[in-house]
Amino acid sequence: MRLNDADGKQVPMTTLYDAPAEDLIEALTEKLEDEDDIEAPEWVAVAKTGVDRELPPEQADFWARRAASLLRKVAVDGPVGVNSLRSEYGTSKQGTTRYRVRPHQKSKGSGNIIRTALQQLEDAGYVETSENDGRRVTGDGQALLDDTAGEVIQDLDRPELERYA
């Protein structure tokens, strides 16, 4: 898709698919931390991110980072439900981190963390619930993702991504 810039020239529009995922999630984390609707619940300090985990997450900005990651995941894969997102955020459990003696088995991520973050993204207006399909990104959410991707591409110093800037 091409847009007209201030001079009337057509320039390529940057989308969330053009920016590297890690950099996009990092930039979205900073924007969502300023959002009033996205706040970490009190219980998140003691909640594990999955049944295979032994401790809660140690990152200071864990909640905003997970919400940013969920927003991107819903935009790319949507409409998606909480159960499929639990599978995406799960890991393979192998016993304790100390011994790794168990055979590989897949475990799911925490549904409460995912569900609560999605509800907060809905309150902020970035995600909506669709009939019998799960959740999908709204126009405001897509605009936030695309604008942030454009900023990320401009800030990156990678020659292979210059054509998207």
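Within an unreviewed UniProt entry, the label attached to the chain reads Small ribosomal subunit protein eS19, and the organism entered is Haloarcula pellucida. UniProt's Function (unreviewed entry) comment on the chain is quoted here verbatim: "May be involved in maturation of the 30S ribosomal subunit." According to its UniProt record, the chain has this under Sequence similarities (unreviewed entry): "Belongs to the eukaryotic ribosomal protein eS19 family."

Peer 1: Before we move on, could you go through the packing of aromatic side chains and cite the residues and values that matter?
Peer 2: Counting across every chain of the model gives one aromatic pair. A ring pair is formed by tryptophan 43 and tryptophan 63, whose centres lie 6.1 Å apart and whose planes are at 90°; its orientation type is edge-to-face. Within this pair, whereas tryptophan 43 is found in the loop between helix 1 (21-33) and helix 2 (62-77), its partner tryptophan 63 is found in helix 2, the two being separated by 20 residues in sequence. With a relative accessible area of 31%, tryptophan 43 lands in the partly exposed category. Note on tryptophan 63: relative accessible area 5%, which makes it buried.

Peer 1: Now, about the packing of helix 1 against helix 5 (residues 139-155): what can you tell me, with residues and values included?
Peer 2: Interhelical geometry of helix 1 versus helix 5 gives an angle of 115° and a closest axis separation of 9 Å. The way helix 1 lies across helix 5 gives a crossing that is right-handed. In this structure, helix 1 uses Asp23, Leu24, Ala27, Leu28, Lys31 and Leu32 to contact helix 5, whose residues at the interface are Leu144, Leu145, Thr148, Ala149, Glu151 and Val152. For the contact of helix 1 with helix 5, the class distribution of residues is eight nonpolar, one polar and three charged.

Peer 1: I'd love a proper account of helix 5, names of residues and values included.
Peer 2: Compared with an ideal rise of 1.5 Å per residue, which puts 17 residues at 24 Å, helix 5 spans 24 Å between its outermost C-alpha atoms and is within 8% of the ideal. Among all positions of helix 5, only Gly141, Leu144, Leu145, Asp146, Thr148, Ala149, Gly150, Val152 and Ile153 are buried. Elements in contact with the buried residues of helix 5: helix 1, helix 2 and strand 6 (134-137).

Peer 1: I'd love a proper account of the nonpolar core, names of residues and values included.
Peer 2: In terms of nonpolar packing, the biggest core is built from 35 residues, with Leu71 and Leu121 touching the most fellow members. No other element matches helix 2, which puts eight residues into this core. Discounting chain neighbours no more than four positions away, the residues touching leucine 121 are Leu32, Ile38, Ala67, Leu70, Leu71, Tyr126 and Val127.

What counts and how
- Numbering of residues starts from 1 in each chain and follows the order in which that chain's sequence is written.
- Confidence filtering applies because this is a predicted model: local features only for residues at pLDDT of at least 70, side-chain atom pairs given and counted only at 80 or more, and all residues used for totals across whole chains, interfaces and linings.
- Side-chain numbers come from the whole structure's heavy atoms, not from hydrogens or water.
- UniProt positions are given in the numbering used here, feature names are shortened, and annotations may be inferred rather than shown by experiment.
- Within 6.5 Å between ring centres, the rings of Phe, Tyr and Trp (the latter by its six-membered ring) count as paired, and their orientation is classed by plane angle as stacked under 30 degrees, edge-to-face over 60, tilted in between.
- Helix and strand labels come from DSSP, where a helix needs a run of H or I of at least four residues and a strand needs a run of E of at least two; each type is numbered from the N terminus.
- The cut-offs for exposure are 20% and 50% of the maximum accessible area for each residue type, with area from a 1.4 Å probe on protein chains only; residues under the lower value are buried, those over the upper are exposed, and the others partly exposed.
- For every element, the axis is a line fit to its C-alpha atoms; helices are fit only across the contacting stretch, and the angle between N-to-C directions ranges from 0 to 180 degrees.
- Working rule for handedness: look at the near helix, and if it is turned counterclockwise from the far one by less than a right angle, call the crossing left-handed; if clockwise, right-handed.
- Note on contacts: a residue pair qualifies if any of its non-hydrogen atoms lie within 4.5 Å across the two residues.
- Each residue gets one label: Ala, Val, Leu, Ile, Met, Phe, Trp, Tyr, Cys and Pro are nonpolar, Asp, Glu, Lys and Arg are charged, and the others, such as Gly, are polar.
- Take the number of residues in a helix, subtract one, and multiply by 1.5 Å to get its expected span.
- Only buried residues count toward a nonpolar core. Its members are Ala, Val, Leu, Ile, Met, Phe, Trp, Tyr and Cys residues joined through side-chain atoms within 4.5 Å.

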